[in-house]
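A structural walkthrough
Letter by letter, the chains look like this.
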Amino acid sequence: VQVVESGGGLVQPGGSLRLSCAASGFTFSSYAMSWYRQAPGKERELVAVIISGGGSTNYADSVKGRFTISRDNAKNTVALQMNSLKPEDTAVYYCNARFVWREYWGQGTQVTVSS
């Protein structure tokens, strides 16, 4: 099983980034996919989730209207489009795959929002 994030980096406040997560080794289309983040000294928090079929999404209040999660079951990928970024969005972002009790995590990608 592999879950690999990419797309992190340094961006100025108000800017945009697109994170991608590529998965393999499991039946991707059956799994709910999520993005989490963890800032220094804070607990990991759920940012966005998209169900297996892609028809339903949910977001943390702090990112609603700014972030969009999407998935491509044909390519086994999930993306997080992040717009209007704020310094408080700075964190390591993790991709998560979950099906009932089974879940897989990526290694994370750093997002830093700073001028």
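Residues numbered from 1 in each chain as written. Predicted model: local features only at pLDDT ≥ 70, side-chain atom pairs only at ≥ 80, totals over all residues. Heavy atoms only, no water.

Applying the stated rule across the entire model yields 1 disulfide. Here Cys21 pairs with Cys95 through a disulfide, and the sulfurs are 2.1 Å apart. Judged by the sign of its S-S torsion, about -85°, the cystine formed by Cys21 and Cys95 is left-handed. Taken together, the residues Cys21 in strand 3 (residues 17-24) and Cys95 in strand 9 (residues 91-99) connect sequence positions 74 residues apart. (Disulfide = S-S within 2.5 Å. Helix = DSSP H or I, 4+ residues; strand = E, 2+ residues; numbered from the N terminus.)

In this section: the packing of aromatic side chains. Counted by the stated rule, this structure contains 7 aromatic pairs. On the numbers, 5.1 Å between centres and 35° between planes, the contact of Phe26 with Tyr104 is tilted. One end of the pair, Phe26, is in the loop between strand 3 and strand 4 (32-38); the other, Tyr104, is in strand 10 (residues 102-105), with 78 residues separating them in the sequence. By relative accessible area, Tyr104 is classed as partly exposed at 22%. Between Tyr94 and Trp105, the ring centres sit 6.4 Å apart and the planes meet at 85°, which makes this aromatic pair edge-to-face. Taken as a pair, Tyr94 in strand 9 and Trp105 in strand 10 lie far apart in primary sequence, 11 residues in all. Taken together, the ring pairs connect Phe26, Phe28, Tyr31, Phe99 and Tyr104 into an aromatic cluster. The ring of Tyr94 carries Arg44 above its face, with NZ or CZ at 3.8 Å from the centroid. Taking the ring centre of Trp105 as reference, the NZ or CZ of Arg44 above it sits at 4.7 Å. (Phe/Tyr/Trp six-rings, centres within 6.5 Å; stacked < 30°, edge-to-face > 60°. Buried < 20%, exposed > 50% of the residue type's maximum accessible area, 1.4 Å probe, protein only. Lys NZ or Arg CZ within 6 Å of the ring centre and 35° of its normal.)

This part covers the pairing of strand 5 (residues 45-50). Pairing analysis gives 5 bridges linking strand 4 to strand 5, with the strands arranged antiparallel. Bridged to Ser34 within strand 5 is Val49. Between the antiparallel neighbours strand 4 and strand 5 lie 6 residues, among them Gly41 with a positive phi of about 75°. (Pairing = 2+ DSSP bridges.)

Here the focus is the environment of Ser20. Looking at the secondary structure, you find Ser20 in strand 3. The spatial distance from the C-alpha of Ser20 to the C-alpha of Lys86 is 19 Å, given a sequence separation of 66 residues.

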